[in-house]
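Here is how the chains run, residue by residue.
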Amino acid sequence: MTDRPRVSARISAISESATLAVDARAKAMKAEGRPVIGFGAGEPDFPTPDYIVEAAVAAAREPRFHRYTPAGGLPELRRAIAEKTVRDSGYEVDPAQVLVTNGGKQAIYEAFAAMLDPGDEVVVIAPYWTTYPESIKLAGGVPVFVVTDESTGYMADVEQLEAARTERTKVLVFVSPSNPTGAVYPREEVRAIGRWADAHGLWVLTDEIYEHLVYGDAEFTSLPVEVPEIADRTVVVNGVAKTYAMTGWRVGWIIGPKDVVKAAANLQSHATSNVANVSQAAALAAVSGDLAAVERMREAFDRRRRTIVRMLNEIDGVVCPEPQGAFYAYPSVKGVLGKEIRGRTPRTSAELAELILEEAEVAVVSGEAFGTPGYLRLSYALSDEDLAEGVGRIQKLLAEAR
């Protein structure tokens with residue numbers, strides 16, 4: 001007999017992905033026959049474009065893809081990612097600076113594992129995507145949060161970042177367009193933040209997975225392009241999931257200095273070996289093709305963005321800034337909390353999200369998951385009809401708040 005813990009402290013400290021948990025619960029309720037509408041998962045509702053699927057079918061018939069391939073990725077895919085990167089953001093990199101990973105989540109963890117030693121601090125702007133702090137902690141680092149709100153469009157400035165910096169700070173996580181808020185930093189702010197990081201010798205992990213999903217006058221700006229002097233201490237994370245509606249194909253990548261990429265590749269060689277070759281062939285077709293299908297999806301997201309913001313702002317006590325990128329709305333629901341709704345009085349946004357799921361049969365994610373209680377995240381990557389019906393149900397429920 002032993003009283004040692006059955007699960008390690010390191011893994012026990014990791015929280016379940018809140019977004020995937022909400023999505024799983026919504027799907028389970030649907031399976032029971034309940035008409036649940038899910039705003040939880042950050043997943044395009046479009047099918048993967050046909051030409052990408054056909055490339056995968058052809059690859060499945062190719063004997064060379066039935067075997068192990070280089071752990072760092074197919075050479076032709078690494079070249080294509082380098083070419084796509086300069087095409088889309090103006091960032092010129094060598095294929096040796098690219099590591100193909102099993103989705104963006106593995107890219108993020110492996111990047112932190114390669115950069116961090118125990119006790120190194122990482123500045124994370126909140127609201128943040130749920131995976132960042134968990135990956136930092138798993139890699140031995142310490143997340144330090146800079147909290148923003150709707151008054152600044154959920155964007156941090158240099159003064160806030162500097163207030164969070166200590167002698168232990170090693171990395172800044174910079175995300176634009178942002179999950180969960182849809183914030184897009186103006187070019188001049190990207191430059192200011194990049195120069196601040198460079199002045200203090202910091203590293204930057206910048207997540208560019210929503211690079212093509214920007215709206216109105218907003219524009220995507222790549223930090224190492226705007227501040228080339230910090231490129232040697234910048235790791236870019238990206239992937240095909242959001243741009244090409246390929247969340248289930250599980251292909252992401254790291255772009256960074258060769259020594260960091262090599263270290264991450266060594267880790268991957270022991271963790272997973274190569275990404276599935278059929279998925280890599282599909283990703284090759286995606287990044288090598290034009291962006292026509294992407295533009296059609298972007299137009300639909302833009303239309304839905306305007307609808308969801310309008311409908312949310314029609315609810316008393318709800319304030320929803322207009323997101324400029326990605327496909328999320330992040331409304332403040334502080335004005336609803338503490339009011340009675342159908343015999344219950346939600347005091348937190350988590351309790352409100354639970355009430356909305358049970359009473360309106362609409363799944364949303366509470367702000368607690370993203371480090372900022374008092375908010376909800378709604379993905380508008382679902383059909384126009386479901387979006388209008390789902391938000392309409394929320395409107396009807398919250399109209400009863402007293």
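To be clear, the structure that these remarks concern was listed above.
As the structure is a computational prediction, the values presented were derived from the model and not from experiment.

### Brief notes about empty space enclosed by the protein
Summed over all chains, the structure comprises 3 cavities of 30 Å³ or more. The calculated volume of the largest cavity comes to roughly 130 Å³. Per element, the largest residue contribution to the lining of the largest cavity is 3 residues, and it comes from strand 5 (residues 169-175). For the lining of the largest cavity, the per-class residue count stands at 11 nonpolar, 3 polar and no charged. Lining of the second largest cavity is provided by Leu312, Ile315, Val318, Pro331, Val333, Ile356, Leu376, Leu378, Ile394 and Leu398. Contributions of two or more residues to the lining of the second largest cavity are made by strand 12 (376-379) and helix 14 (384-398). When the residues that make up the lining of the second largest cavity are grouped by side-chain class, the tally is 10 nonpolar, no polar and no charged.

### What to know about the nonpolar core
In this structure, Phe39, Ile308, Leu312, Leu352 and Leu398 are the most contacted members of the largest nonpolar core, which totals 42 residues. For this core, the secondary structure elements donating two or more residues are helix 12 (292-313), strand 9 (328-329), helix 13 (349-360), strand 12 and helix 14. Excluding residues that lie within four positions of it along the chain, Phe39 makes contacts with Ile308, Val362, Ala363, Val364, Arg377, Leu378, Ser379, Leu382, Asp386, Leu387, Gly390 and Val391.

### A few points about the layout of surface pockets
With a probe scaled to a water molecule rolled over the atoms, the places where space remains empty come into view. Reported here for the largest pocket is a volume of approximately 480 Å³. Taken together, the residues that form the lining of the largest pocket break down as 13 nonpolar, 8 polar and 8 charged. By volume, the second largest pocket amounts to about 330 Å³. Mapped by element, the contributors of at least two residues to the lining of the second largest pocket are helix 2 (18-31), helix 5 (103-115) and helix 6 (131-138). A total of 6 residues in the lining of the second largest pocket trace back to one element, the largest contributor, which is helix 6. A class-by-class count of the residues in the lining of the second largest pocket yields 9 nonpolar, 5 polar and 5 charged.

Calculation rules
- Residues numbered from 1 in each chain as written.
- Predicted model: local features only at pLDDT ≥ 70, side-chain atom pairs only at ≥ 80, totals over all residues.
- Heavy atoms only, no water.
- 1 Å grid on protein atoms, 1.4 Å probe; cavity = no way out; pocket = protein on both sides within 12 Å on 5 of 7 lines; lining within 4 Å.
- Points joined across faces, edges and corners; volume = space filled by probe spheres on them.
- Helix = DSSP H or I, 4+ residues; strand = E, 2+ residues; numbered from the N terminus.
- Nonpolar A, V, L, I, M, F, W, Y, C, P; charged D, E, K, R; others polar.
- Core = buried A, V, L, I, M, F, W, Y, C linked by side-chain atoms within 4.5 Å.
- Buried < 20%, exposed > 50% of the residue type's maximum accessible area, 1.4 Å probe, protein only.
- Contact = heavy atoms within 4.5 Å.

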